[in-house]
Amino acid sequence: MKNKEMDLSLENIKRILKRRKLSILIGFVAVILLAVLYLYISTPDYVSEMVIEYTNDSGSSISTSSVSTIALLTGSSGLNNNNVLNEIQRMKSDQIIRRIVQEMNLVELTNNNRGFKDRLFKNFYTERDLINSLKNRIVIEPVEKTNIIKISYEDSSATDAQKIVSMLYNYYIDFSKEIYTKNINEYSKKLQDMFDQISDDYDEINKEIIKFQNENKISDNNGTMNELLKYYSESYMKYLQLDIEKNNLEIKKNKIESIIYSMNPDMKEIAIENSDPILKSLKSQIVTEQIKLETLKLNTPNNPQISEIDSRIKVIQKKLRERINEILSNDQIFISLVDSNTYNDYLQVQTELEMFDITKQVYKSMLELIDTELESKSPILYEYYNLKKNQNIIDLKYKTVLSSLEEQKLKKDLFENKFNVISDSFIPTRPSSPNVNLTIAISILMGIIIGILFAFYKESKDKKIKDIYQFQHYYDNYKVFVKNKKDYRKFVGEIINQKNKNIGIMILFDNKIHENEIIKNLKIIPDLEILNLNKETEYEKTVQEIKNIDNKKIMLFNINNEQELYIYKNQIDILYILVLQDDTKLEDIDMYQKNENSEFIFINK
C-alpha cells in the first residue's frame, strides 16, 4: 500500500468537492441561516451625525494683545487660548455629559430596562456608569488636514441618537458661554484689583509730586524738563512695545521651524531632490553612468571600462549624499530650496529679531543717558524728574488697564461661538447596523468557505474508499475495475482463466444487491461449484467436500464472517478481494493486501 496521506492536487480537490456537494450545501445553508437569524434577532442601531467647523479663537474672553501689554506693564502672566483639541475634550467633559444623562433620565431608564444577567445579580447602574458609557460611545473626531469636526452617536433609537448629538453640541455652547463669562469676570476682577492698586499708586505719586514742588519751589513750566519727560515716556513705551513685537516674531519663527523639524526625513530628501538643481544634475549623471555600465556588462562583460565606470558612479553617489547631508543640516538652505516665500519670511523674521536687540539697547542707552544728564545738572531736579517719570509710567499703566477693563465689560455680552454648523444633526431613517447587504455578502462568502471546510472535514473522517482514483492512490494490485453490471463478465472471464484452481472470493462489503449480482454472474461458468461460506457450514464436512470434488470450486466469504477465510485458506489457490465504492473501509482492505495470492476487484456503486 502506498502513503495513506491523500495528495491534495487540483484534480483530487475537484473530486472531493464533487463528492461532498451535500456537505458543502449543508455548511453553506447553515451559515446563511445563522446570518438570517442574526439579522432577525439583532436590534438595529442608528447613527446621527453633526459636522461643525472650527473657526478661530475669537470667542476667547481675553484678547492676546491686551494680555501681552498688561503682562509687560504689570509683570503678570498671560493666559493661553484654547485650541481645537481642547474644545473636543471640553465637549466630552463630565459637566456636559452629566447634563445629557440627567436631561434624558438615563439612570432610571437604564435600571428599569436591565437585562436578565443584571437582574439576576442585582446590578444597578449609577450616574457615573452612564457618563462613562456615553463618553465611550460618543465619537468626536477631526477630519485630517482641515478644521472640520464630526460628532456622531449610535443608538438603538434613531430619535435618541439625534437628540444626544444635538444636546451635546447645545450644552457645549452653554458650557463654553459659562466659561467665557467666568473667565471675563475673573479677568475683570483681576483688572479691577490691578486698576484699584494703580489708582492708589497714581494718587500717591501725584501727592508726592505736589509736595515736592511746594517744598522745593519747582514749577511744571520748565520746557526742557517737559520735553525730556515726554521723550523719556515715549522711549519707555517703545522699549516695552519692542518685547511684545519680539514675542510675536518669535512665535512666527518657531512656527516655520516646527514645520521643518516635524517633517519626515524621507520626505525632506524627496523635497530637496526635486528642488535642488545640483542634486538633479548628480542624479542624472548617476542614471547615465548606470546605463553605460549595464550595457557594457551585457555586451562585453570583460571590458576594462566596467571597473572605471563603477568607480565613477560611487564617487558621484558620495557627492550626492554629501550634498543631501549639507542641505539637511542647514535649515535655511532647506527652506530656500523647498519654499522661497517661506524662506524670505524666515530671513525677514531673523533680521528683525537681530535688529530688536540693537534697537532695544539704543532705547535703553538713551533712557540711561537722560538719567545721567539730569542727575549731573541738579540732584533736586533729578529727584523731581524721577517722580515725574514714575508718574508718567503709572499714568500709562492706568490708561492701559482702564482701557482693557472697559473692553472686558463690553465683551461680556458679546459671546462668539468658535464653531460654525456645517451639517446639523438629523434623525436617521436607515439603521447603520446590522448592515443587511454587508452581512449577507459576508455570510455567502463564509458559507462557501465553511461548506468547503466541512466537506474536507467529512472527507478526512470518512475511511471508506470513495472512487477508483483514491483506490489507485493507495493500492496498485487491483485486477479488474467493474464500472457497471456488464463489467461483471470481466470478473467471470478472469476466474475462467484460472484453470483447475480453487478460487476464494472475499466480499468486503455488506450490500446484498451487488453480492447477488456477483453470484448470478458466477453461475454462468460451466462445471463450477460455488460453496457459499457466508451461510452456516460444518467445517469437517465442507473441507471433505472440497477434497473429494475434482471440479473447480469457488468459495464465497463476506465481511460478516471473515474468520471463515482463515479456516479454508489452505484450500484456496487465488483469493479475489471485492471492494465496493463508498462501502468498503480502508482498514478492511489492509488486512488482505499483503497476501501474495490475493487480487483486488474494484466495483463502482
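The residue numbering used here restarts from 1 in each chain and proceeds along that chain's sequence as written. At least 70 in pLDDT is required for a residue's local features to be given in this predicted model, at least 80 for side-chain atom pairs to be given and counted, and no such filter applies to totals for whole chains, interfaces and linings, which use all residues. The basis for every side-chain value is the complete set of non-hydrogen atoms in the structure, without hydrogens or water.

1. Notes on the overall build of the protein chain
To keep things clear, this is the line we draw: The helix count covers DSSP runs of H or I at least four residues long, the strand count covers runs of E at least two residues long, and both are numbered beginning at the N terminus. For every residue, the accessible area (1.4 Å probe, protein chains only) is compared with the maximum for its type, and the residue is labelled buried under 20%, exposed over 50%, or partly exposed between those bounds. Every residue pair with non-hydrogen atoms within 4.5 Å of one another is taken to be in contact.
Broken down by element type, the protein chain carries 23 helices and 10 strands. Relative to its full complement of 605 residues, the protein chain shows a buried share of 38%. Sequence separation of at least 24 residues holds for 78% of the intrachain contacts in the protein chain that already meet a minimum separation of 6.

2. Quick word on the pairing of strand β10 (residues 598–603)
The following threshold applies: Strands pair, by our definition, only if DSSP identifies at least two bridges between them.
Along β10, five of the six residues are buried, which leaves the element largely enclosed by surrounding structure. With six bridges joining them, strand β9 (residues 574–580) and β10 adopt parallel strand pairing. In the sheet register, Y576 faces β10, and the bridge partner there is E599.

3. Points about the packing of helix α9 (residues 158–216) against helix α16 (residues 379–411)
Here is the rule: All axes are obtained by fitting lines to C-alpha atoms, using only the stretch in contact for helices, and the reported angles, taken between N-to-C directions, cover 0 to 180 degrees. Any angle that is under 35 degrees is reported as roughly parallel, and any over 145 degrees as roughly antiparallel; angles of 65 to 115 degrees are reported as roughly perpendicular and all others as oblique. We call a crossing left-handed when the near helix sits turned anticlockwise from the far one by less than a right angle, and right-handed when that turn is clockwise. In the scheme used here, Gly and all other residues not listed as nonpolar or charged are polar, with Ala, Val, Leu, Ile, Met, Phe, Trp, Tyr, Cys and Pro taken as nonpolar and Asp, Glu, Lys and Arg as charged.
At a minimum axis distance of 8 Å, the contact between α9 and α16 shows a crossing angle of 155 degrees. The angle between α9 and α16 falls in the class roughly antiparallel. Pair α9 / α16 crosses with left-handed handedness. Here the contact of α9 with α16 is composed, by residue class, of 19 nonpolar, 10 polar and seven charged.

4. As for the packing of aromatic side chains
Put simply, the rule reads: Two rings from Phe, Tyr or Trp (for Trp, the six-membered ring) form a pair when their centres sit within 6.5 Å of each other. Planes less than 30 degrees apart are called stacked, planes more than 60 degrees apart edge-to-face, and all others tilted. The rule is short: NZ of Lys or CZ of Arg within 6 Å of the ring centre and within 35 degrees of the ring normal puts a charge over the ring.
Inspection of the entire model under this criterion finds eight aromatic pairs. Between the aromatic rings of F471 and F600, the centroid separation amounts to 5.7 Å while the plane-to-plane angle is 80 degrees, which identifies the pairing as edge-to-face. With F471 in helix α18 (residues 468–474) and F600 in strand β10, the pair connects residues that are 129 residues apart, well separated along the chain. With relative accessibility at 0%, the residue F471 sits in the buried group. You can call F600 buried: its relative accessible area is 0%. Taking 5.3 Å as the distance between ring centres and 40 degrees as the angle between the ring planes, the aromatic pair formed by F471 and F602 counts as tilted. One end of the pair, F471, is in helix α18; the other, F602, is in strand β10, and 131 residues separate them in sequence. When its relative accessible area of 0% is taken as the criterion, F602 is described as buried. Cluster of aromatic residues (ring-pair linked, three or more members): Y54, Y169, Y172 and F419. Its end group placed over the ring of Y469, R15 keeps NZ or CZ at 4.1 Å from the ring centre.

5. Some remarks on the pattern of salt bridges
Our working rule: Criterion for a salt bridge: a side-chain nitrogen of Lys or Arg within 4 Å of a carboxyl oxygen of Asp or Glu.
On inspection of all chains with the given rule, the structure shows 21 salt bridges. R312 is the partner of E289 in a salt bridge, and the nearest nitrogen-oxygen pair spans 3.0 Å. A residue pair is termed long-range when its members are at least 10 positions apart, and E289 in helix α12 (residues 277–299) and R312 in helix α13 (residues 305–328) qualify at 23 residues. Assessed through its relative accessible area of 31%, R312 is described here as partly exposed.

6. Considerations on the sheet that holds strand β4 (residues 419–423)
In spatial order, the strands read β2-β3-β1-β4; together these four strands make up an open sheet with antiparallel pairing. Looking at strand neighbours, the two that pair on one side only are β2 (139–142) and β4, the edges of this open sheet. Strand-to-strand twist of the sheet, defined as the mean angle between neighbouring strand axes without regard to direction, takes the value 25 degrees. The strands touched by helix α8 (residues 127–137) within the sheet are β2 and β3 (148–155), with β3 carrying the most contacts at an inclination of about 125 degrees.

7. Here's the deal with a nonpolar patch on the surface
Formally: Like charges are joined within 9 Å and nonpolar side chains (Val, Leu, Ile, Met, Phe, Trp, Tyr) within 5 Å, but only among residues with over 30% relative accessible area and no salt bridge; these make up the patches. Computed by Shrake-Rupley with a 1.4 Å probe, the accessible areas treat only the displayed protein chains as cover when residues are assessed.
Residues L438, I442, L445, M446, I449, I450 and L453 make up a contiguous nonpolar surface patch of about 610 Å² in total accessible area. When you line up the elements, L438 lands in helix α17 (residues 436–461). Residue L438 is classed as partly exposed on the basis of its relative accessible area of 48%.

8. Re the pairing of strand β1 (residues 46–54)
Here β1 runs beside β3; their pairing, made up of eight bridges, is antiparallel. When the bridges of β3 are listed, E53 appears paired with I148. In this structure, β1 lies alongside β4, joined through four bridges in antiparallel fashion. Each residue of the ladder has a partner; that of Y54, found in β4, is F419.

9. So, the packing of helix α19 (residues 488–497) against helix α20 (residues 512–522)
Taken N-terminus to C-terminus, the directions of α19 and α20 make an angle of 50 degrees; their axes are 10 Å apart at the nearest point. As far as their axial angle goes, α20 and α19 are oblique. Judged by the sense of rotation from one axis to the other, the crossing of α19 with α20 is right-handed. Contact with α19, carried on its side by Y488, R489, F491, V492 and I495, involves H514, E517, I518, N521 and L522 of α20 and no other residues of that element. Split into classes, the residues belonging to the contact of α19 with α20 amount to six nonpolar, two polar and two charged.

10. A word on unusual backbone geometry
Cis geometry is found at the peptide bond from S433 to P434, where omega equals 0 degrees. Relative to the elements of secondary structure, P434 occurs in the loop between β4 and α17. A positive phi angle is found at K122, which is not glycine, with a value near 55 degrees. Note on K122: relative accessible area 65%, which makes it exposed. The phi dihedral of D582 falls on the positive side, at around 65 degrees, and the residue is not glycine. Mapped onto the fold, D582 is located in the loop between β9 and α23 (586–590).

11. Some thoughts on α9
Spelled out, the test is: To estimate how far a helix should reach, multiply one less than its number of residues by 1.5 Å.
Compared with the 87 Å implied by 1.5 Å per residue over 59 residues, the 85 Å span of α9 between its first and last C-alpha is a close match. K217 sits one or two residues past α9 and shows a positive phi near 55 degrees.

12. Quick look at the environment of F212
Within the fold, F212 resides in helix α9. Take F212: its relative accessible area is 9%, and that puts it in the buried class. F212 sits 171 residues away from E383 along the chain, and the two C-alpha atoms are 9.2 Å apart. Ignoring sequence-local partners within four residues, the contact set of F212 consists of I218, I380, E383, Y384 and L387.

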